[in-house]
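Residue-level structural notes
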Amino acid sequence: MSADDVIRRGIAAARLLGDETLMATLAEIEAECTAAWTGSNPADAAAREDAYRMIRCVALLRQKLETWRGAAQIEKNNAAWRLQEARGS
């Protein structure tokens, strides 16, 4: 993946992380799954595992977006540094 692609993907990730509707939706999913997890019948291990997996998926989605946003910032900083080096500063 080119540096430009990394930056574009990071910009899109930052936009998603800043989207209030998306973040509220993810928070609601987590809350619903946490309630299902903690309120499940002790004999219903499958329901608890499903809820746990959903919570983990939401966390992984956020983590991936944060990683992409961070990678874009690093690429931007590297590009600025290369430009300064090329100019002899």
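Up top is the structure.
Calculation notes
- Residues numbered from 1 in each chain as written.
- Predicted model: local features only at pLDDT ≥ 70, side-chain atom pairs only at ≥ 80, totals over all residues.
- Heavy atoms only, no water.
- Helix = DSSP H or I, 4+ residues; strand = E, 2+ residues; numbered from the N terminus.
- Polar contact = N/O pair within 3.5 Å; in protein donor to acceptor, adjacent residues only side chain to side chain.
- Salt bridge = Lys/Arg side-chain N within 4 Å of Asp/Glu carboxyl O.
- Buried < 20%, exposed > 50% of the residue type's maximum accessible area, 1.4 Å probe, protein only.
- Expected span 1.5 Å × (residues − 1).
- Contact = heavy atoms within 4.5 Å.

Considering the arrangement of structural elements, one finds Ser 40 in the loop between α2 (20–38) and α3 (45–87). A polar atom in the side chain of Ser 40 sits 3.0 Å from the backbone oxygen of Trp 37. At a separation of 3.4 Å, a polar atom in the side chain of Ser 40 contacts the side chain of Arg 48.

What follows is about the pattern of salt bridges. The final tally for this structure, using the stated rule, is five salt bridges. The closest approach of N and O atoms between Glu 30 and Arg 62, which form a salt bridge, is 2.9 Å. With Glu 30 in helix α2 and Arg 62 in helix α3, this pair connects stretches of sequence that are 32 residues apart. On the basis of relative accessibility, which here comes to 22%, the residue Arg 62 falls in the partly exposed class. The residue Arg 53 makes a salt bridge to Asp 50 at a minimum N-O spacing of 3.1 Å. You can see Arg 53 and its partner Asp 50 sitting in helix α3, three residues apart, about one turn around the helix. Residue class for Arg 53 comes out partly exposed when judged on its relative accessible area of 45%. Among the residues examined, Asp 50 registers a relative accessible area of 44% and is labelled partly exposed.

Glancing now at α2. Here α2 contains 19 residues, and its C-alpha end-to-end distance of 27 Å stays within 8% of the 27 Å for a straight helix at 1.5 Å per residue. Contacts from the buried residues of α2 go to α1 (3–17) and α3. Capping of α2 at its N-terminal end is provided by Asp 19; its side-chain oxygen lies 3.0 Å from the backbone amide nitrogen of Thr 21.

Among the secondary structure elements, Asp 19 is positioned in the loop between α1 and α2. The partly exposed category is assigned to Asp 19, whose relative accessible area is 33%. Polar contacts involving the side chain of Asp 19 include one to the main-chain amide nitrogen of Thr 21, which spans 3.0 Å.

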